[in-house]
Amino acid sequence: MSFFDTSLEFLKGVGPQRAALLQKELKLFTFGDLIQHYPFRYEDRTRFYNLNEVNELMPFVQVKGKITDIELIGDKFKRRLVAYLADEYGEIELVWFQGINGIMQKLKPTINYVVFGKPSVFGNKLQMAHPEIELLTEKSEKGGYLQPVYPLSEKLRTKYIDNKFIVRLQQEVLKGSLNHIRETLPTALLQQQNLIGKKKSIINIHFPKNQEWLLRAQQRLKFEELFFIQLRLIKMKLVRQGKFKGLVFGDTVILTRFYKEHLPFDLTEAQKKVVREIYADMKSGKQMNRLLQGDVGSGKTIVGFIAILLAIGGDAQAALMAPTEILAQQHYANLKKYADLMGISIALLTGSVKKSARKPIHEQLENGTLKILIGTHALLEEEVKFNKLGLAIIDEQHRFGVAQRSKLWQKTTDFYPHVLVMTATPIPRTLAMTLYGDLEISVIDELPKGRKPIKTTHQFDSHRLKVNAFIKAQVDAGRQVYIVYPLIEESEKLDLKHVMDGYESIARAFPDLPISILHGQMKPEAKDFEMARFVKGETKIMVATTVIEVGVDVPNASVMIIESAQRFGLSQLHQLRGRVGRGAEQSYCILITDHKLGAESKTRIETMVRTNNGFEIAETDLKLRGPGDIMGTQQSGALDLLIADLGKDGELLKTAREAAHQVLDSDPLLQQPENAMILMQIESIKKAAVNWSRIS
Ligand code: ADP
Ligand code: MG
């Protein structure tokens, strides 16, 4: 057992009870866990402020001076202790509401103290509540250190496990571990990347010598973390490519016929580029594993169909799996048009397809006469057997797990089909590299020509009349309008009230217009009925909660109004906006908020108004919320990062990925002596651990 696997119980000052608390509250079990419990910020003890420089806008500051007076104010139950601290320049009140007796005994006049706390102003006077106070010593006089601040919980504080306590534990465990911390990156790599060693960085991440050393320590540890993640992903890809041969689909006769006779429009440059990438994969002899990202409306479907034609040109079959029944139906309707033109057989298989209708599908699939199968999870069922599955397309990746993906490609025994994953949820590059780092990535970053960009504006509540006039004008011009209300998580009742109130006020404003309403509490049949009326154009306005987010396609709807827009996340706003702009007419999105807007809401609204680009929006979203909250990333262990931040460390991630590529390109099995450290690190970490940078 290594030093780092030692239970915290055995660290000086811990013992069984505190160990249990640290386990429960912070998930710290071992010495290694503690060492990797990094500070989340540092307090600046590098200088003393003069009291005339201090003001309430400053974060924590350090001052020094003498206590000039002490007062006990208030009665027994509302007592407070006020001590007056003065230096040559001014005075500040130090206030305590608790632990008064202890403090009183400690404070002596005429002695110099170091005081550290958050300045505030109370009744025109500068004060600090519950500051840290210590005798000024020769050592503290010199000052010059950054005080680490560790994540804690309330529970721990009540048990007297406070920051000071953790600091002491860190000092203790570091002292013992200096002989045990191993370097994990080869010297050449450290030099190339200008990084400091592991031991130095561990020491400086906890007790930085100064700001510069802190930055260097962070840089090193972040790099290491990202490097090992990328190394693992790239290795997975290499292993798969070596192991899984792909069918060679180089025959383009059928595709050329489609291009010549039936291609309904010129492909955009971005579509052409992606088609080339897919073609190169499919004829390479290696199994394709490609993620295709493209904003709503960027034309992914036709690219998918082109890939299907390549598979069929190679005498194989193709399958497309969508996450919901509605989406599967839409894909089927779209692709059937093309397939019929080309005389290629196609079928739809979802949960609601009757048993009697399934049988012929199963048979034709197995004897190879059915070429294209579109469907939902139903495709994964045991009875669904392909004659020769050459290509599996998966739409909306994030709703399917990796396990399901591989289940689909294991539907054949002697070879694996090529896999194309399509998603309309733009994922920032840094996130994609980490979540899908084992896939190749293609991006359609351009909309078809002639598409009119949706015009987005922000309106305050108070301009409702203006908005209503706009609705009226659009409906008079023959268009339809969505008005969307947020889901209020705390209360379904409130939810309903919001939409119903909205519905009533809209009905009052437009007494002559037929209006639809759609919300979560309605029965499915009622929802379908309302939706169908709107699709047919029988109703002009659709008042709804976010239930309309996926699946509906009404080209005649040209206005999306989002009420209480500040309550929506960025990606959700973007998805909602994607419901309009599908027809030939100019489309609009109006974001309505009240006057009180927080800084973050403001950024979200401004971003929406500024751009229609889903990737830009996703980048901003990532910066605002961090990776954990981005749609579909929650379950991913790859995001369980110790120190790197995918929202902020994009550049470093790129560098780390390049470095990992370099290492594996020249030494795929990590057998060269110069890579021994990397191999050792990988092997010393248990297989189950996702994060290969963890200490061991
Ligand atoms: P998504 O990427 O959201 O799946 P679709 O494939 O559904 O987008 O395409 C959206 C619309 O744009 C469809 O009506 C499609 O026929 C059309 N389209 C796709 N590519 C082009 C193009 N290059 N030129 C013109 N229209 C296109
Ligand atoms: Mg699509």
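Residues numbered from 1 in each chain as written. Chains lettered and ligands numbered in written order. Predicted model: local features only at pLDDT ≥ 70, side-chain atom pairs only at ≥ 80, totals over all residues. Heavy atoms only, no water.

### Quick notes on the overall build of the chain
Check the secondary structure of the chain and you find 24 helices and 22 strands. By principal-axis analysis of the C-alpha atoms, the chain measures approximately 95 × 75 × 40 Å. Taking all 696 residues of the chain together, the buried fraction comes to 51%. For the chain, the accessible surface area stands at approximately 33700 Å², while carbon and sulfur atoms represent 53% of it. Treating the 94 positive side-chain charges of the chain as one cloud and the 81 negative ones as another, the clouds have centres 2 Å apart. (Helix = DSSP H or I, 4+ residues; strand = E, 2+ residues; numbered from the N terminus. Buried < 20%, exposed > 50% of the residue type's maximum accessible area, 1.4 Å probe, protein only. Areas by Shrake-Rupley, 256 points an atom, 1.4 Å probe, with all protein chains shown as cover. Lys, Arg positive; Asp, Glu negative; His and termini not counted. Charge placed at Lys NZ, Arg CZ, Asp CG, Glu CD.)

### As for the packing of aromatic side chains
Scanning the model with the defined rule gives 10 aromatic pairs in all. Measuring from ring centre to ring centre gives 5.3 Å for Phe 305 and Tyr 338, while their planes differ by 40°; the resulting arrangement is tilted. Taken together, the positions of Phe 305 in helix α12 (residues 300-313) and Tyr 338 in helix α13 (residues 325-342) put the pair 33 residues apart, joining distant regions of the chain. Every member of this aromatic cluster is reached through a ring pair, and the members are Phe 3, Phe 4 and Phe 31. We note Lys 64 situated over the ring of Phe 48; from NZ or CZ to the ring centre the distance is 4.7 Å. (Phe/Tyr/Trp six-rings, centres within 6.5 Å; stacked < 30°, edge-to-face > 60°. Lys NZ or Arg CZ within 6 Å of the ring centre and 35° of its normal.)

### Overview of the pattern of salt bridges
The full count for this structure, using the stated rule, is 26 salt bridges. In this structure, the salt-bridge partner of Arg 479 is Glu 585, at a minimum N-O distance of 3.7 Å. Separated by 106 residues along the polypeptide, Arg 479 in the loop between α17 (464-476) and β18 (480-484) and Glu 585 in the loop between α20 (570-577) and β22 (588-593) bring together distant segments of the chain. Via salt bridges that share partners, Glu 183, Lys 198, Arg 220 and Glu 224 belong to a single interconnected network. (Salt bridge = Lys/Arg side-chain N within 4 Å of Asp/Glu carboxyl O.)

### Examining the site of ligand 1
Close to ligand 1 lie 14 residues, the nearest being Asp 266, Gly 297, Lys 300, Thr 301 and Arg 451. The backbone of Ser 298 places a nitrogen or oxygen atom 3.5 Å from an oxygen atom of ligand 1. A distance of 2.8 Å separates an oxygen atom of ligand 1 from a polar side-chain atom of Lys 300. Calculation on ligand 1 without its partners gives an accessible area of 570 Å², and the protein chains cover 69% of this total. Broken down by class, the residue content of the shell around ligand 1 amounts to four nonpolar, six polar and four charged. (Near = heavy atom within 4 Å. Polar contact = N/O pair within 3.5 Å; in protein donor to acceptor, adjacent residues only side chain to side chain. Nonpolar A, V, L, I, M, F, W, Y, C, P; charged D, E, K, R; others polar.)

### Digging into the packing of helix α9 (residues 211-243) against helix α23 (residues 650-666)
Any two packed helices are characterised by the angle at which their axes cross and by the distance between the axes. Running from N to C, α9 and α23 point in directions that differ by 50°, and their axes come no closer than 8 Å. It follows that α9 is oblique to α23 by the angle criterion. Crossing of α9 over α23 shows right-handed handedness. Judged by residue contacts, Gln 219, Lys 222, Phe 223, Leu 226, Phe 227, Gln 230, Leu 231, Ile 234, Lys 235, Lys 237 and Leu 238 of α9 engage Leu 652, Leu 653, Thr 655, Ala 656, Arg 657, Ala 659, Ala 660, His 661, Val 663 and Leu 664 from α23. Grouping the constituent residues of the contact of α9 with α23 by class yields 13 nonpolar, four polar and four charged. (Axes fitted to C-alpha atoms, helices over the stretch in contact; angles between N-to-C directions. Parallel < 35°, antiparallel > 145°, perpendicular 65-115°, else oblique. Left-handed = near helix turned anticlockwise from the far one by under 90°. Contact = heavy atoms within 4.5 Å.)

### Here we look at the domain arrangement of the chain
Split into domains, the chain comes out as domain 1 (3-42 + 152-177), domain 2 (47-143), domain 3 (253-284 + 299-423) and domain 4 (455-611). Placing a centre on the C-alpha atoms of domain 1 and another on those of domain 4 gives a separation of 51 Å. (Domains from an automatic or database assignment.)

### Overview of the nonpolar core
Core analysis: the biggest nonpolar cluster contains 44 residues, and Met 282, Ile 372, Leu 391 and Leu 420 have the highest contact counts within it. With 10 residues, α12 is the single largest residue contributor to this core. The residues touching Ile 372, leaving out its near neighbours within four places in the chain, are Phe 305, Ile 308, Ile 312, Ala 318, Ala 339, Ile 344, Ser 345, Ile 346 and Ala 347. With 37 residues, the next largest nonpolar core counts Leu 185, Leu 291, Leu 646 and Ile 678 among its residues. (Core = buried A, V, L, I, M, F, W, Y, C linked by side-chain atoms within 4.5 Å.)

### Regarding unusual backbone geometry
Although it is not a glycine, His 130 adopts a positive phi angle of roughly 45°. Tracing the backbone shows His 130 in the loop between β7 (125-129) and β8 (132-135). In this structure His 130 comes out as partly exposed when scored by relative accessible area, which is 37%. Phi is positive for Asp 315, which is not a glycine, with a value near 65°. Turning to its location among the elements, Asp 315 is positioned in the loop between α12 and β11 (317-321).

### Considering a nonpolar patch on the surface
A cluster of nonpolar side chains, Ile 70, Leu 72 and Met 104, forms an exposed patch at the surface whose accessible area comes to about 220 Å². Position of Met 104 relative to the elements: it lies in helix α3 (residues 100-106). Judged by relative accessible area, which is 33%, Met 104 ranks as partly exposed. (Patch = residues over 30% accessible without salt bridge, like charges linked within 9 Å, V, L, I, M, F, W, Y side chains within 5 Å.)

### What about the sheet that holds strand β2 (residues 61-73)?
With respect to topology, seven strands assemble into an open sheet ordered β6-β7-β4-β3-β2-β5-β8, the strand pairing being mixed. The sheet is open, and its two edges are formed by β6 (119-122) and β8, each paired on a single side. Adjacent strand axes in the sheet meet at a mean angle of 45°, parallel and antiparallel pairs treated alike. Looking at chain direction, strand β4 (residues 91-96) and β7 are connected through three bridges and run parallel. (Pairing = 2+ DSSP bridges.)

### As for the environment of Leu 152
Along the chain, Leu 152 falls in the loop between β9 (145-149) and α5 (154-158). Between the C-alpha atom of Leu 152 and that of Phe 40, which follows or precedes it by 112 residues, the distance is 10 Å. For Leu 152, the residues in contact, after removing those within four places along its chain, are Leu 26, Arg 157, Ile 161, Asp 162, Asn 163 and Ile 166.

### Looking at the side chain of Gln 586
Following the sequence through the fold, Gln 586 ends up in the loop between α20 and β22. A polar side-chain atom of Gln 586 sits 2.9 Å from the main-chain carbonyl oxygen of Pro 453. Not counting the four nearest positions on each side in its chain, Gln 586 is found in contact with Lys 452, Pro 453, Ile 454, Lys 455 and Ser 558.

### Notes on helix α14 (residues 355-367)
Each turn of an α-helix holds 3.6 residues, which means side chains three or four residues apart point in the same direction. For α14, built from 13 residues, the straight-helix expectation of 18 Å at 1.5 Å per residue is met to within 8% by its first-to-last C-alpha distance of 19 Å. Listed as buried for α14 are Arg 358, Ile 361, His 362 and Leu 365. Down the axis of α14, the smallest arc covering the buried residues is 105°, so these residues share one side. Those residues of α14 that are exposed and angled more than 90 degrees off the buried face are Ser 356 and Lys 359. Looking at the buried residues of α14, the elements they touch are β11, β12 (346-349) and β13 (372-375). After α14 finishes, the residue Gly 368 shows a positive phi value of roughly 90°. (Expected span 1.5 Å × (residues − 1). Arc of directions from axis to C-beta.)

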